[in-house]
Structure formats: structure tokens, C-alpha cells
Amino acid sequence: MASIISPILRLALLKGLCLVCCLQVISKAWPDSKQSLERLRGDLNSTLEKLQTREKYLNEMFEGLMTRYRASRTTLTDVQVRRGCVCVAEG
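Attention here is on the structure that accompanies the text. Computed from a predicted structure; not experimentally measured. Every residue gets a number counted from 1 within its own chain, in the order that chain's sequence is written. Local features in a predicted model are, by the rule used here, given only for residues with pLDDT of at least 70; side-chain atom pairs are given and counted only at 80 or more, and totals for whole chains, interfaces and linings are based on all residues. In computing side-chain properties, one takes all heavy atoms of the structure into account and sets aside hydrogens as well as water.

## Points about the overall build of the chain
The condition is simple: Under the DSSP-based scheme used, a helix requires at least four consecutive residues in state H or I and a strand at least two consecutive residues in state E, with every element numbered from the N terminus. Note on areas: Shrake-Rupley, 1.4 Å probe, and residue coverage restricted to the protein chains presented here.
Secondary structure summary: the chain contains two helices and zero strands in total. Within the structure as shown, the chain displays about 7900 Å² of accessible surface, and the carbon and sulfur contribution to it stands at 61%.

Okay, structure coming up:
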């Protein structure tokens, strides 16, 4: 609200309007500002929900890949130990 009303308030003060007049200007601008802010809040909530859904999906995919990677690394380490390789992977 402050970012929308501040320019209106500055303009009213520059025009020499008194504080009461400035408050009237603000009260007239508030309904449109409120509606715009509510629309913006809805858009932001919708975008946040989409991002959270994508994040959950990516985390689930990543966890599966990490499980496969750990199993493969364990298998590799076991093979290296059995063959007597000096280069056992640390991690």
C-alpha cells in the first residue's frame, strides 16, 4: 500500500493540499490499490504453490538418484577391495 499511496500523497502535498485533503486522496485510491494488491497476492500464492510442487518432485527424483549412486559407489568399493585396488574411493 505504501508504494502506491506514497506517490499520491507526495503529489497532493506538492499541490498544496492539507493533510485532511491528502487523507481523502488516499481513501479514494485505497479500493483500487487494495484490489490490485489482493490480485497480486493471489498470483504470488499460485506461483509459490507451483514452485513448491516442482521442488517436491525434484527432491523425490534426486533422492532416487542419490540412492542409486550410493548403491553403485558401494558396489564399486566392494569390487575394488576384492581385487586389491589401492584406489578405494572416499566420500
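## A closer look at a nonpolar patch on the surface
The condition that has to hold: Patch construction takes residues with relative accessible area above 30% that form no salt bridge. Like charges are linked within 9 Å, and nonpolar side chains (Val, Leu, Ile, Met, Phe, Trp, Tyr) are linked within 5 Å. Should a side-chain nitrogen of Lys or Arg be within 4 Å of a carboxyl oxygen of Asp or Glu, the pair is scored as a salt bridge. Only protein chains enter the area calculation, which uses a 1.4 Å probe; residues under 20% of their type maximum are buried, those over 50% are exposed, and those in between are partly exposed.
On the surface, Trp30, Leu37, Leu40 and Leu44 cluster together to form a nonpolar patch covering roughly 350 Å² of accessible area. Counting through the fold element by element, Leu37 comes out in helix α2 (residues 19–83). Judged by relative accessible area, which is 30%, Leu37 ranks as partly exposed.

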